[in-house]
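# Per-entry structural report
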Amino acid sequence: MVNENEDRGQAATEAALSRIARLVADRPGQAQLHVLHHGAPILDVCVRCDPDTPFLLWSTGKPFTALAVHQLAERGLLDLDAPIADHWPEYGRAGKQSVTPRHALTHTTGAPLSTRHVVGDAWIMHDWDRSVRAAAAARPRHEPGRDPAYHILSQGFILGELLQRVTGTPLAEYLDTNILGPAGLANTHLGLPDSLWDTRTILQISKEPRTSFPDRVKVRRFGTKAVRTAPIPAATVHSTARDVARFYQLLLNGGGIDGVTVFHPETVRAAREPAASQATHIHSDPIVGHAIRWSHAFQLGWGTRPAPAARPFGTTAGEDVFGHNGSNYCNAWADPEHGLVFACLTSLMTPRAQALAWQTELSDLVRAAVGGSGETA
């Protein structure tokens, strides 16, 4: 009887995973989905692409730069609570003299935009020097450390320039040498290399009339070679689902993989620690229009808290689930409680509400397939 129950359970799990794979395959555009359960792959789906086809990660790539800054702190090269201006004097000349790396990591610098509007930030994002000067010149809306406001593009330039001032090394080179190489992430790059241009995913946008004009402009802008090959830390990391999943498995492992230590366990814990600014109340983010739970590198699950407008890691995600959504194109998370790692990369832009609903459904189905939702698969 025990064996029969185990067989039925295994069959149900396999049926659930097959359903998830079909949901991804039936959607237009290119896609990759890679899911690990206790370190072993249980889903590996490639739709109209190869496993090593590079996808634009959008904001799903933000944690790479954030973890690089945490690594500097681990090595004693940086104090997360000392002013950024100690290393980058220009950054403190516009009323931001007390802003720290911790503020940037938790989106609480008080100056989420480098220009007056996100369109202005996007207009100059392919030019590192211009973007950095704009971030330094930005005046805060309020004192640092208050309620977070999503730093859509500016976070990457603030943290990236800080790292370069501390190390004297370009961010892309630092990532390759200190994180991507040691972690075995051979298909991950900050800015798409020219040699991979012809193998890239082609960004697509839904033909549905509800797709907004700004989203259509964004797709055209990010489809250009000048943008996709530029080192934009918050937006143009390119990778594969297998690489992204490996990165999150490394973090679930406490900072190491295949016998290689990339981060100390306490560094991973620090990056996952919830932001202190949200300890008592989580406000709606003024930039994106809905609440986000932040750690010091990631977005976090909501657990049993009241449901916000967006739950890309699933309605069943506990408070310790960590990851990052990427403009509703890409989504990646790790669930420590259930030993799950999820990485889904797509090339299709759909209306925002529809895209978020799809991410939520897919995440819930994956967790349910391994018995992580309290329901049977």
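Residues numbered from 1 in each chain as written. Predicted model: local features only at pLDDT ≥ 70, side-chain atom pairs only at ≥ 80, totals over all residues. Heavy atoms only, no water.

### Points about the overall build of the protein
Scanning the protein for helices and strands turns up 12 helices and 13 strands. Against the compact-globule benchmark of 21 Å for 377 residues, the protein has a radius of gyration of 20 Å, which places it among compact chains. Principal-axis analysis of the C-alpha atoms places the extent of the protein at approximately 70 × 45 × 40 Å. Looking at the protein as a whole, 55% of its 377 residues qualify as buried. A sequence separation of at least 24 residues applies to 67% of the contacts in the protein between residues at least 6 apart. (Helix = DSSP H or I, 4+ residues; strand = E, 2+ residues; numbered from the N terminus. Rg over C-alpha atoms; globule rule 2.2 N^0.38 Å. Buried < 20%, exposed > 50% of the residue type's maximum accessible area, 1.4 Å probe, protein only. Contact = heavy atoms within 4.5 Å.)

### So, unusual backbone geometry
Backbone phi values are negative for most residues with the exception of glycine, while trans is the configuration of most peptide bonds. The backbone of Arg-48 sits at a positive phi, close to 55°, despite the residue not being glycine. On the secondary structure map, Arg-48 appears in the loop between β2 (40-47) and β3 (55-56).

### Examining the sheet that holds strand β4 (residues 189-190)
The three strands are arranged β3-β6-β4 in an open sheet whose pairing can be described as antiparallel. On the outer flanks of this sheet lie β3 and β4, each paired with one strand and no other. Examined bridge by bridge, β4 and strand β6 (residues 237-239) share two bridges and lie antiparallel to one another. Looking at the pairing, His-189 lines up with His-238 of β6. (Pairing = 2+ DSSP bridges.)

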